Amino acid sequence: MTATFSLRPGDAALKQWRAVIDGAAAKLDGASAASIAAAQAIVDDIVAAGTVTYGVNTGFGKLASVRIADADLATLQRNLILSHAVGTGPALPDRIVRLILAMKAASLARGASGVRPVVVEALVGALAAEALPVVPAKGSVGASGDLAPLAHLTAALMGVGEISLRGETLPAGDALARIGQKPLELGAKEGLALINGTQVSTAIALTALSDIARVFDAALVTGALSVDALKGSDTPFDPRIQALRGQPGQIRVAQTLLALIAKSEIRDSHRFGDSKVQDPYSLRCQPQVMGAVRDLLANAAATLAIEANAVTDNPLVLGPGEIVSGGNFHAEPVAFAADILAMGLCEIGNLSERRMALLVDPVMSGLPPFLARDAGLNSGFMIAQVTAAALASENKQKAYPASVDTIPTSANQEDHVSMATHGAYRLLDMARNAASIIGVELMAAAEAIEHHRPMKTSPRLEPVLALVRERIAPLDADRYLAPDLAAATELVLSGAISDAAGLDSFAEFSS
């Protein structure tokens, strides 16, 4: 863990959630204690009065009409968790589980869920100790909340299941003992409060957004590099063109591309007397395409920022004697956001792959075929472009909207669901695919620049090339390229490329 900072429930910024993803521990603002205690007291009063209240002293879902005796209320909550922990598939990555713990703690701390402070403390304590429940990725339909994955999370805090303790997977009870945290014993309503909610789908989507923002920034960098390597024009990025249309993302992307290419020796070498009238769309229309993508990312970020701070369990404690059933657990906003992000990822990859195709085409580039030295004996980047094409096509297949699907569950009580969780989960793979597409272009554009030496590209892009050359040597002859592509992909996903160029779209979304 790199740092600890304070989260204010209901008012955390996207940059704070990203800090949790990247390894920071979060503690809750001390002001939340009073809200937690007030809501808990309302639940205690209802239990003492014997008032029949959903989720407190009744069954769940289709069994809501069954009244549960006071003596069985703790068993009711424990049974709920154990019966709902039926997820499957690979475990969610640690960085996502970290974020789920923080989001769930912040949501419960807003004082509308009726849990005791010890519940919130268990979540925060596990996060601080890097004791991360092993949560299967599959099994949620995104309503009524992320039931199965949150049940696994809760069960681990109860000592059931497994916990990854600083990278070592242990039986949950053993891991809790190592960190000195008692297994959680649930009181009235607490199990339901813990497993209702959209924290899993939101955490996955927000983690994916963090990756996608880095992919987007890197794509602007490689797009600028490709323009320079192909001796393209920066005239289409003229701010007057963008102002006449008025789309904010287009204006911002054009500004960025101009700044990235500014003062390039390569660009200046053909600024006058260039015989080309117009560049292909994948170079010329970057502000229009990537600008539209940027606007979509910003819209999704706004939705996820709200959802990350939301209270999404059910029923909710609204005041003395008022525990009211609603539907905040339905993750439709997250599902739509995930679908938007999937479409954006497709276009980032489509545009990059087309630029890569230009780079390896001697007719379009004026450079050696496939950027190979001694072409024929060497194949250069021939099949690297094929890999980019394959990944771009795979992303298109994955982009089918999850939000348009629904299957009734719980004996038709939960008859419309969002499918937000797997809609978000596919984004992780799609983002890595897109990062690899950008990685292919990064390698090829860097190689193309080598063919223009001793001229230099711009002051903003030369540090990017230097970073690439620290990991990936020029392609003087054919070699085993897979490690190079892996290195390029990690440069994209780690944010190293965007950092080297001075870009951070995620921070702009947070402002």
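Let us look at the structure shown here. Just so it is clear, the structure is predicted and the values come from calculations on it, not from any experiment.

### Section: the overall build of the protein chain
The helix and strand inventory of the protein chain stands at 22 helices and 9 strands. For 511 residues, the compact-globule estimate of 2.2 N^0.38 gives 24 Å, and the C-alpha radius of gyration of the protein chain, at 26 Å, lies within 12% of that figure. Along the longest, intermediate and shortest principal axes, the C-alpha atoms of the protein chain span 90 × 50 × 40 Å. Taking all contacts inside the protein chain whose residues are at least 6 apart in sequence as the whole, residues at least 24 apart take part in 78%. With an accessible surface of roughly 19,700 Å², the protein chain has 56% of that area assigned to carbon and sulfur atoms. Computed over 41 positive and 52 negative side-chain charges, the inter-centroid distance for the protein chain is 4 Å.

### Considerations on the packing of aromatic side chains
In this structure the tally under the stated criterion is 1 aromatic pair. An angle of 80° between the planes, with centres 6.4 Å apart, marks the rings of Tyr-54 and Phe-60 as edge-to-face. Given the relative accessible area of 24%, Tyr-54 is considered partly exposed. Assessed through its relative accessible area of 17%, Phe-60 is described here as buried.

### Considerations on the environment of Gly-30
Relative to the helices and strands, Gly-30 resides in the loop between β2 (25-28) and α2 (32-49). Judged by relative accessible area, Gly-30 falls into the exposed class, the value being 62%.

### Observations regarding the pattern of salt bridges
Using the criterion set out here, one finds 28 salt bridges in the structure. When the shortest N-O distance is used, the salt bridge between Arg-8 and Asp-29 registers 3.7 Å. With Arg-8 in the loop between β1 (4-7) and α1 (14-21) and Asp-29 in the loop between β2 and α2, the pair connects residues that are 21 residues apart, well separated along the chain. What makes Asp-29 partly exposed here is its relative accessible area of 21%. When the shortest N-O distance is used, the salt bridge between Glu-447 and Arg-469 registers 3.7 Å. A residue pair is termed long-range when its members are at least 10 positions apart, and Glu-447 in helix α18 (residues 420-450) and Arg-469 in helix α19 (residues 462-471) qualify at 22 residues. Beyond isolated ion pairs, a larger network of salt bridges with shared partners links Arg-373, Glu-447, Glu-450, Arg-469 and Asp-476.

Rules of the game
- Residues numbered from 1 in each chain as written.
- Predicted model: local features only at pLDDT ≥ 70, side-chain atom pairs only at ≥ 80, totals over all residues.
- Heavy atoms only, no water.
- Helix = DSSP H or I, 4+ residues; strand = E, 2+ residues; numbered from the N terminus.
- Rg over C-alpha atoms; globule rule 2.2 N^0.38 Å.
- Contact = heavy atoms within 4.5 Å.
- Areas by Shrake-Rupley, 256 points an atom, 1.4 Å probe, with all protein chains shown as cover.
- Lys, Arg positive; Asp, Glu negative; His and termini not counted.
- Charge placed at Lys NZ, Arg CZ, Asp CG, Glu CD.
- Phe/Tyr/Trp six-rings, centres within 6.5 Å; stacked < 30°, edge-to-face > 60°.
- Buried < 20%, exposed > 50% of the residue type's maximum accessible area, 1.4 Å probe, protein only.
- Salt bridge = Lys/Arg side-chain N within 4 Å of Asp/Glu carboxyl O.

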